[in-house]
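Here is how the chains run, residue by residue.
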Amino acid sequence: MTSDTAPDAATNWAGFVTAEPALAATVEARFGAYTHHVLATLRKDGSPRTTGLEVRFLDGELWLGMMPGSVKALDLRRDPRFALQANPGDGTGMGGGDVRIGGRAVAAEDAATRARYAEEAEPPEPFHLFRTELTEVVRTCVEDDKYLVVEIWQPGRPVRTIKRT
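Keep in mind that what you see is a predicted model, and the values were worked out from it rather than measured.

Undergrad: Before we move on, could you go through the nonpolar core and cite the residues and values that matter?
TA: Formed by 24 residues in total, the largest nonpolar core has its most connected members in Leu64, Leu84 and Ile101. Mapped onto this core, the elements with two or more residues apiece are α1 (13–19), α2 (21–32), β4 (61–66), α3 (71–78), β5 (81–85), β6 (98–107) and β7 (128–143). Element by element, the count of residues in this core is highest for α2, at four residues. Every residue in contact with Ile101, bar those within four places of it in the chain, is listed here: Trp13, Val27, Phe31, Leu62, Phe82, Ala83, Leu84, Leu134, Glu136 and Val137. Core analysis: the second largest hydrophobic core is formed by eight residues, Trp63, Tyr117, Ala121 and Leu129 among them.

Undergrad: If you had to explain helix α4 (residues 111–121) to someone new, which residues and values would you point to?
TA: Because the α-helix completes a turn every 3.6 residues, residues three or four places apart line up on one side. Taken as a whole, α4 has its buried residues at Thr113, Arg114, Tyr117, Ala118 and Ala121. All buried residues of α4 project into a common sector of 130° when viewed along the axis, lining one side. Summarising the geometry of α4, the exposed residues directed more than 90 degrees from the buried face are Ala111 and Glu119. Check the buried side of α4 and you find it contacts β3 (55–58), β4 and β7.

Undergrad: With reference to specific residues and values, describe the pairing of strand β9 (residues 160–164).
TA: Pairing analysis gives five bridges linking strand β8 (residues 147–153) to β9, with the strands arranged antiparallel. When the sheet's bridge partners are listed, Glu151 is paired in β9 with Thr161. Between the end of β8 and the start of β9, which pair antiparallel, lie six residues, with Gly156 showing a positive phi angle near 80°.

Undergrad: So what's going on with the packing of aromatic side chains? Residues and values would help.
TA: If you walk through the whole model with that rule in mind, you get six aromatic pairs. When the ring of Phe31 is compared with that of Phe57, the centres are 6.2 Å apart and the planes differ by 65°; the resulting orientation is edge-to-face. Of this pair, Phe31 sits in helix α2 while Phe57 sits in strand β3; the two residues are 26 residues apart in sequence, bridging distant segments of the chain. Given the relative accessible area of 3%, Phe31 is considered buried. Cluster of aromatic residues (ring-pair linked, three or more members): Trp13, Phe16, Phe31, Phe57 and Trp153. Between Arg114 and the ring centre of Phe127, over which it is positioned, the NZ or CZ distance is 4.3 Å. Over the ring of Tyr147 we find Lys163, and its NZ or CZ is 5.0 Å from the ring centre.

Undergrad: Now, about the environment of Val38: what can you tell me, with residues and values included?
TA: Checked against the element boundaries, Val38 lands in strand β1 (residues 37–42). Those residues in contact with Val38, other than ones at most four positions away along the chain, are Thr50, Thr51, Ala83, Leu84 and Gln85.

Definitions and limits used
- Residues numbered from 1 in each chain as written.
- Predicted model: local features only at pLDDT ≥ 70, side-chain atom pairs only at ≥ 80, totals over all residues.
- Heavy atoms only, no water.
- Core = buried A, V, L, I, M, F, W, Y, C linked by side-chain atoms within 4.5 Å.
- Buried < 20%, exposed > 50% of the residue type's maximum accessible area, 1.4 Å probe, protein only.
- Helix = DSSP H or I, 4+ residues; strand = E, 2+ residues; numbered from the N terminus.
- Contact = heavy atoms within 4.5 Å.
- Arc of directions from axis to C-beta.
- Pairing = 2+ DSSP bridges.
- Phe/Tyr/Trp six-rings, centres within 6.5 Å; stacked < 30°, edge-to-face > 60°.
- Lys NZ or Arg CZ within 6 Å of the ring centre and 35° of its normal.

What is shown is where atoms sit, not what they do.
Written as structure tokens, this is what we have:
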């Protein structure tokens with residue numbers, strides 16, 4: 001992708017890893033530190049809904065698996081936009097920083113894909129499965145006990161870093 005890629009352009013997890021391997025490793029480690037995270041979707045009326053969720057990084061994709069008929073799955077089928085916040089953990093330490101991912105969820109209907117996921121993740125059957133198309137990844141951390149550092153990545157653009165005192 002080039003630097004004039006539209007802001008709403010998206011890429012999968014493997015594309016993010018290729019573009020920004022160090023940031024991707026940090027983000028994946030934050031999600032790997034805890035099992036449950038927070039997913040934000042949009043309700044029918046456009047208001048936000050937040051719910052708990054487990055995520056899985058597998059085969060170059062970030063997967064969102066859900067129970068059948070769950071409201072978050074119904075939200076994503078109606079409007080695929082989401083924000084995913086990593087569990088910050090206990091206390092205020094937040095080792096690795098605070099990370100969130102924004103993008104679109106695409107329903108995985110292909111039987112072979114669903115079978116590969118089920119073999120690895122062993123979800124209760126039946127289940128909804130979505131692969132993600134990333135539009136933004138943000139990491140916020142404190143550096144040197146002095147600076148608030150925000151790293152923002154969007155497809156086709158270099159990481160932007162903002163430091164505040």
